[in-house]
Amino acid sequence: MAEGLDLGKCFEIINNLTTEAGRLIARNNETRQDFVCKSGDIDLVTQTDQDVEKLIMDGIRQHYPDHKFIGEEESSSGGGVNKLTDAPTWIIDPVDGTMNFVHAFPHSCISVGLKVNKVTEIGIIYNPMLEQRFTARRGQGAYYNGKRIQTSGQKELGKALVTSEFGTSRDEPKMLAVNENFAKIAKQVHGLRVLGSAALNMAMVALGAADANYEMGIHAWDVCAGDLIVREAGGVVIDPAGGEFDIMSRRVLAAATPELAQELAKVLTQFYPQPRDD
Ligand code: LIP
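Thresholds, definitions, all that
Residues numbered from 1 in each chain as written. Predicted model: local features only at pLDDT ≥ 70, side-chain atom pairs only at ≥ 80, totals over all residues. Heavy atoms only, no water. UniProt positions renumbered as here; feature names shortened; annotations may be inferred. Near = heavy atom within 4 Å. Polar contact = N/O pair within 3.5 Å; in protein donor to acceptor, adjacent residues only side chain to side chain. Areas by Shrake-Rupley, 256 points an atom, 1.4 Å probe, with all protein chains shown as cover. 1 Å grid on protein atoms, 1.4 Å probe; cavity = no way out; pocket = protein on both sides within 12 Å on 5 of 7 lines; lining within 4 Å. Sits in = over half its atoms within 2 Å of the grid points. Helix = DSSP H or I, 4+ residues; strand = E, 2+ residues; numbered from the N terminus. Domains from an automatic or database assignment. Salt bridge = Lys/Arg side-chain N within 4 Å of Asp/Glu carboxyl O. Buried < 20%, exposed > 50% of the residue type's maximum accessible area, 1.4 Å probe, protein only. Points joined across faces, edges and corners; volume = space filled by probe spheres on them. Nonpolar A, V, L, I, M, F, W, Y, C, P; charged D, E, K, R; others polar. Contact = heavy atoms within 4.5 Å.

An unreviewed UniProt entry annotates the protein as Inositol-1-monophosphatase originating from Drosophila grimshawi. Per its UniProt entry, the protein bears the Cofactor (unreviewed entry) comment "Mg(2+)". If you open the UniProt record of the protein and go to Sequence similarities (unreviewed entry), you find "Belongs to the inositol monophosphatase superfamily."

Here it is in structure tokens:
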């Protein structure tokens, strides 16, 4: 199914689709957005989330009717998360940082990754409010607005700027781990930042603007593009306990270097979100 797939053409198509979708997001971000609550009172969705996901899926289907999708809003509409197979699969968060979007706080983005044979070949993270476009193709480096980027190379936790999130659920076991980690990490690093977008947090690591990111509670669509972009910028993406990254586990740790990743993993209180995405 994937033999002979022109990944250069795929990249061009998704790049253009994210530009078109970005115009829709930026236009709708000028005012506060109406929203609906999904799994809880801080897990929001807007009509723009729905419209962007449909725009991207319809645009891809015009070229590749047999490609598969794992989209945040489609996955939340009752059918659950589609199973990831070897088929070319587009993993889409139409508006990552929907809470920011609702408040017209300009740190939201479209995050799209393409997996073929379960290997991520393309990643795009695009914040249209601030014209921040992060892109990567496997083996071809990571780029910010067309300029090659690389991680900071930071190896020491004590000198690291770390990003993480409170997340979009308030369930007690998760919040205990989140708060314990914030309290611990804040005492051991240069600084802790909460952007409100998992994908943009990872993009900051790729840019060298942050040195590490961790989060337990995210979904595959939050991290698919960021995983590739960080690695193509010379960073590492692992499980927050120090093992191999598992995109369906709802857990991620991205860092500028393996040394920093392992140092951070050693201090984190672990939380294992359920259900997984698979
Ligand atoms: C959100 C992320 C946020 C994370 C949440 C959620 P959404 O994505 O942007 O950083 O903490 O768990 O995944 O729901 O806005 O697309």
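Still more ground to cover, so stick around.
**Q** How should the site of the ligand be read in this particular structure?
**A** Neighbouring the ligand are 14 residues, the closest being Asp96, Gly97, Thr98, Glu215 and Asp222. Residue aspartate 93 places a side-chain N or O atom 2.9 Å away from an oxygen atom belonging to the ligand. In the model, an oxygen atom of the ligand is placed 2.5 Å from a nitrogen or oxygen of the glutamate 215 side chain. For the ligand, the protein covers 96% of the area, taking 380 Å² as the surface of the free molecule. More than half of the atoms of the ligand fall within 2 Å of the grid points belonging to the largest pocket. Considering every element that reaches the shell around the ligand, the biggest residue donor is strand S4 (residues 89-96), with three residues. Here the shell around the ligand spans two domains, since at least three of its residues come from each of domain 1 (7-149) and domain 2 (157-267).

**Q** Please explain the pattern of salt bridges as it appears in this structure.
**A** Opposite charge on two side chains lets them pair, provided their charged atoms get close. Scanning the entire structure with this criterion turns up 12 salt bridges. Here lysine 54 and aspartate 58 are joined by a salt bridge, their closest N and O atoms 2.5 Å apart. Residue lysine 54 and its partner aspartate 58 are both found in helix H2 (residues 47-63); the two are separated by four residues, about one turn of the helix. With a relative accessible area of 52%, lysine 54 lands in the exposed category. Measuring nitrogen to oxygen at the nearest pair gives 3.3 Å for the salt bridge that ties glutamate 156 to lysine 159. We classify glutamate 156 as partly exposed; its relative accessible area is 40%. For lysine 159, a relative accessible area of 43% corresponds to the partly exposed category. One connected set of salt bridges, linked through shared partners, spans Lys38, Glu72 and Glu73.

**Q** Mind showing me how you'd approach empty space enclosed by the protein here?
**A** Think of a ball as big as a water molecule: rolled over the atoms, this probe shows where empty space is left. Applying the stated criterion across every chain yields a total of one cavity of 30 Å³ or more. In this structure, the largest cavity spans a volume of roughly 90 Å³. Lining the largest cavity are 13 residues, and of these Glu165, Val178, Tyr214, Glu215 and Met216 lie nearest its centre. Broken down by secondary-structure element, the contributors of at least two residues to the lining of the largest cavity are helix H5 (172-186) and strand S12 (212-216). The element best represented in the lining of the largest cavity is H5, accounting for five residues. Of the residues that constitute the lining of the largest cavity, the class distribution is seven nonpolar, three polar and three charged.

**Q** Looking at this structure, I do not really get the UniProt feature "binding site: Mg(2+) 1" (unreviewed entry) in the protein. What am I missing?
**A** UniProt marks Glu72, Asp96 and Asp222 with the feature "binding site: Mg(2+) 1" (unreviewed entry), using the numbering shown here. For this annotated set, covering 151 residues, all C-alpha atoms fall within 9.3 Å of each other, a compact arrangement in space. Of the residues named above, Glu72, Asp96 and Asp222 line the largest pocket. Along the chain, aspartate 96 falls in strand S4. Excluding residues within four positions of it along the chain, aspartate 96 makes contact with His107, Ser108, Cys109, Ser197, Ala198, Ala199, Leu200 and Asp222. Along the polypeptide, aspartate 222 turns up in helix H7 (residues 220-232). Aspartate 222 sits in the buried class, given a relative accessible area of 8%.

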